[in-house]
Amino acid sequence: MEHNNSTKQQLFLDEHYRQKRKINFFRIIIVVIFVGLWEVSTRYGWIDAFVYSSPSRIIKCFVDMLKGGNIFRHIGVTLYETLVSFLLVNGLGIVIAIILWRRLSLAQICEPYLVVLNSLPKSALAPLLIVWLGNNMRTIIVAAVSVAVFGTIISIYTGFIGTSAEKIKLIYTLGGTKRDALFKVIIPSTIPLIISTMKVNIGLSLVGVIIGEFLAANEGLGYLIIYGTQVFKLDMVMMSIIVLCVISGLLYKVINILQKKYSNY
């Protein structure tokens, strides 16, 4: 019986890895076909290479900027702004959600304002932030934080108040305080939600940074996109967009690894 169970388990694992390899294979194939069609279409004149660029032109643009060392500076600036914004969004979201959980009346007062601020298009605030804070990195970080922080507060606070009432009641029954309920029940129960929120926030932080760089930057990938559009260097624009996609994918992967490690405990 034990031998049969181990055999079935091995078959299941083999099938799982086979399916995973199959999915990865088709993902790569889709990218290869898309890039190939894009390159062929520009070479044969099916689409305008000046307007739509091409993989070979994008690679050449990247190599040229790589030789000058400029691309690393722009990537570094955007990455730094994104990580700072991400840390601030999650830190503020958790702290404010804790305050609202401890003060129910304050949460009821603030709820409609949080909903309105979360729904407000943040790009509308960017010009005001430039006037208030100046044309600098601080403005970009504040703009990025404003994109995600209100949704984070609402999401985490909702998770806090949705925690099992029986578990909290048990803590109080055993003589625990509100602090004990928070750190021994509320936060441990909502860690999966917090990690899921972080996965969303890493993308939103990057979006917020790019919005800020569109309006208040002289370096960074968002600046390159605007600059390239203004001077019709569309190879630079497409290259910046692809680099942003790679950065977004890598950052999401890091959070995903964190989630898997937590799930294993």
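Please read these numbers as outputs of a predicted model, since none were measured by experiment. (Residues numbered from 1 in each chain as written. Predicted model: local features only at pLDDT ≥ 70, side-chain atom pairs only at ≥ 80, totals over all residues. Heavy atoms only, no water.)

Engineer: How would you sum up the overall build of the chain? Please name residues and give values.
Structural biologist: Looking only at helices and strands, the chain has 11 helices and zero strands in total. Across the chain, helices and strands are ordered from the amino to the carboxyl terminus as α-α-α-α-α-α-α-α-α-α-α. Here the C-alpha radius of gyration of the chain, 24 Å, is well above what a compact globule of 265 residues would show, namely 18 Å. For the C-alpha atoms alone, the extent of the chain along its principal axes is close to 75 × 70 × 30 Å. Within the chain, the proportion of its 265 residues that are buried is 35%. (Helix = DSSP H or I, 4+ residues; strand = E, 2+ residues; numbered from the N terminus. Rg over C-alpha atoms; globule rule 2.2 N^0.38 Å. Buried < 20%, exposed > 50% of the residue type's maximum accessible area, 1.4 Å probe, protein only.)

Engineer: Give a detailed account of the packing of aromatic side chains, specifying residues and quantitative values.
Structural biologist: Here a ring pair, both rings aromatic, is described through the centre-centre distance and the interplanar angle of the planes. Inspection of the entire model under this criterion finds four aromatic pairs. Pairing Tyr44 with Trp46 gives two aromatic rings, centres 5.7 Å apart and planes at 25°, and the pair type is stacked. With respect to class, Tyr44 is no different from Trp46; both count as exposed. Ring geometry for Tyr223 and Tyr227: centres 5.9 Å apart, planes at 20°, overall stacked. Residue Tyr223 and its partner Tyr227 are both found in helix α10 (residues 221-230); the two are separated by four residues, about one turn of the helix. Exposure remark for Tyr227: the relative accessible area of 30% places this residue in the partly exposed category. (Phe/Tyr/Trp six-rings, centres within 6.5 Å; stacked < 30°, edge-to-face > 60°.)

Engineer: So, the side chain of Ser54: which residues are in play, and what are the values?
Structural biologist: Inspection of the secondary structure puts Ser54 in the loop between α2 (49-52) and α3 (55-68). Every residue in contact with Ser54, bar those within four places of it in the chain, is listed here: Trp38, Glu39 and Thr42. (Contact = heavy atoms within 4.5 Å.)

Engineer: Which residues make up the confidence of the model for the chain, and what are the values?
Structural biologist: A residue-level look at the chain finds 95% of positions with pLDDT of 70 or above and a mean pLDDT of 85. Mean pLDDT across the elements of the chain bottoms out in helix α8 (residues 165-173) (77) and peaks in helix α4 (residues 70-102) (92). (pLDDT = per-residue confidence, 0-100.)

Engineer: How would you explain the nonpolar core if you had to name every residue and give the values?
Structural biologist: Ranked by size, the top nonpolar core spans 47 residues in total, and within it Met65, Ile71, Trp101, Phe160, Leu221, Leu224 and Met239 carry the most contacts. Listed by contribution, the elements that provide at least two residues to this core are α3, α4, α5 (104-119), α7 (137-161), α8, α9 (178-215), α10 and α11 (234-263). No other element matches α9, which puts 10 residues into this core. Setting aside its immediate chain neighbours within four residues, Leu221 contacts Ile71, His74, Ile75, Thr78, Glu213, Ser240, Val243, Leu244 and Ile247. (Core = buried A, V, L, I, M, F, W, Y, C linked by side-chain atoms within 4.5 Å.)

Engineer: Summarise unusual backbone geometry; cite the residues concerned and give the values.
Structural biologist: The backbone of Ser53 sits at a positive phi, close to 60°, despite the residue not being glycine. Considering the arrangement of structural elements, one finds Ser53 in the loop between α2 and α3. In this model, Phe232 sits at a positive phi of 60°, which is unusual for a non-glycine residue. The residue Phe232 is located in the loop between α10 and α11 in this model. Looking at Phe232, the relative accessible area reads 55%, which means it is exposed.

Engineer: Which residues make up α9, and what values do they have?
Structural biologist: Here α9 contains 38 residues, and its C-alpha end-to-end distance of 45 Å is more than 12% below the 56 Å for a straight helix at 1.5 Å per residue. Of all the bends found along α9, the most pronounced is centred on Ile191 and spans about 50°, while Pro192, a proline, follows it within four residues. (Expected span 1.5 Å × (residues − 1). Bend = angle between axes of the 7 residues up to and from the residue.)

Engineer: Go over the side chain of Asn90 with me, naming the residues and quoting the values.
Structural biologist: Along the chain, Asn90 falls in helix α4. On the basis of relative accessibility, which here comes to 8%, the residue Asn90 falls in the buried class. Within polar-contact distance, the side chain of Asn90 engages the backbone oxygen of Phe86 at 2.7 Å. At 3.1 Å, the side chain of Asn90 forms a polar contact with the side chain of Asn201. Apart from the residues lying within four places of it in its own chain, the contact partners of Asn90 are Met198 and Asn201. (Polar contact = N/O pair within 3.5 Å; in protein donor to acceptor, adjacent residues only side chain to side chain.)

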